[in-house]
Amino acid sequence: MEERLVDFLKKAGMFVLTLLVISILTFILVQLSPGDPAVNYLRASHVAVTEETLSKARLELGLDKPVTQQYIDWLSNAIRGDLGRSYLKKAPVKEVIFSAVIPTFQLGALSFAVLLLLSLILGIAGALYHGRIVDYVVQAFSFICASIPTFWLGYMLIIYFSVTLKWLPVSGRGDMRHFVLPCLTLITPLVGQTSLLIRKSVMEQMSQPHARNAVLRGVDKKYIVFNHLLRNAAIPIVTVLSSNILYLITGSVLIEEVFSWPGVGKMFVSAVQGGDLPLIQGSLLLFGILSITINSLTQFAVHRLDPHLKLRNRGVSLEE
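If you're wondering where the values come from, they're calculated on a predicted model, not measured in any experiment. (Residues numbered from 1 in each chain as written. Predicted model: local features only at pLDDT ≥ 70, side-chain atom pairs only at ≥ 80, totals over all residues. Heavy atoms only, no water.)

Draft legend 1. Local environment of the nonpolar core. Membership of the largest hydrophobic core comes to 37 residues, with the highest contact counts inside it found for Leu83, Ile97, Val264, Met267, Leu279 and Leu286. Sorting elements by how many residues they give to this core places helix H14 (residues 277-305) first, with nine residues. Not counting residues within four places of it along the chain, the set of residues in contact with isoleucine 97 comprises Leu83, Met267, Leu279, Gly282, Ser283 and Leu286. Among the nonpolar cores identified, the runner-up in size contains 20 residues, and Ile158, Leu181, Phe259 and Trp261 belong to it. (Core = buried A, V, L, I, M, F, W, Y, C linked by side-chain atoms within 4.5 Å. Buried < 20%, exposed > 50% of the residue type's maximum accessible area, 1.4 Å probe, protein only. Helix = DSSP H or I, 4+ residues; strand = E, 2+ residues; numbered from the N terminus. Contact = heavy atoms within 4.5 Å.)

Now the structure itself:
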């Protein structure tokens, strides 16, 4: 019990330390970005840029203080949940981010569900029918999907399904029809990569002696895969799926721009273009928190799935 508590405290301390490092890097990167935040603030407020207005803006924004004091003030406010006010939106940053997170999470959740379903079907089918026509079709389809440039695919889908056939809306967020094209554009390269990984992992498990012996005894391959091998092959699959989740949430900047999706990616691009310093800092902090949270959950899932790690955590030697 004490070992588990110590292990939990270590992980919690590492989590906090990583967050602190991310906050420092975020602040430094934003400070090194070109442009004067005070000028950006005045332009966003439609105020003439003069020496007098600049000095007032710097005083109001706290830019007249030393950089270290600016970071301490920002961090102390961030801990209390105050990320400042957006220059462009004229609203608290946390409210702006929250309003953009919901569409991104909705699109990401739907995309991940479709990605998981298609990747499992293709990967397992390729492994079960290894060396047959089904396997060759799965490999060819996966390689093509993984090779398609995302931005090109997005525009091609818009031209064909929205402009030519007029089946689906071009852009924006509304009913389920608006999700189709962004979802397809997001997951197509990931389906190719993930299905090939699942195929490889399942085939490696099927080549193990216990799996070959079960096949020789007449046990159906599908039963072996779904009831035994998938769990053994789950560790690399879970690892790559966690990176896919992170990409679907934080890496969809280009997709949200193509389809005018009002999510975190589009919000971040607008903040960078407008020099919205508080919103840029808040967005980068959000990306960092999501990254370390997903990585921590992935490590936890791997520990639960790997019996060797379980035994090691209990102090049991594998050689015994």
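Draft legend 2. Quick look at the UniProt feature "transmembrane region" (unreviewed entry) in the chain. The positions UniProt marks with the feature "transmembrane region" (unreviewed entry) are residues 12-32, 107-129, 136-159, 179-198, 233-255 and 279-302. The distance from the first to the last C-alpha atom of residues 107-129 is 33 Å, and the span holds 96% helix and 0% strand. Its end C-alpha atoms 34 Å apart, residues 279-302 is made of 100% helix and 0% strand. (UniProt positions renumbered as here; feature names shortened; annotations may be inferred.)

Draft legend 3. The arrangement of a nonpolar patch on the surface in detail. A contiguous nonpolar surface patch, about 850 Å² in accessible area, is contributed by Met14, Leu17, Leu20, Val21, Ile24, Leu25, Ile28, Leu29 and Leu32. Summarising the element assignment, leucine 32 is placed in helix H1 (residues 2-32). Its relative accessible area of 68% is what places leucine 32 among the exposed residues. (Patch = residues over 30% accessible without salt bridge, like charges linked within 9 Å, V, L, I, M, F, W, Y side chains within 5 Å. Areas by Shrake-Rupley, 256 points an atom, 1.4 Å probe, with all protein chains shown as cover. Salt bridge = Lys/Arg side-chain N within 4 Å of Asp/Glu carboxyl O.)

Draft legend 4. Highlighting the pattern of salt bridges. Going through the model one piece at a time under the given rule, you end up with five salt bridges. Taking the shortest distance from any N to any O, the salt bridge between glutamate 52 and lysine 56 comes out at 3.4 Å. Residue glutamate 52 and its partner lysine 56 are located together in helix H3 (residues 51-61), separated by four residues, close to a single helical turn. Like lysine 56, glutamate 52 is exposed. The shortest N-O distance in the salt bridge between arginine 199 and aspartate 135 comes to 2.7 Å.

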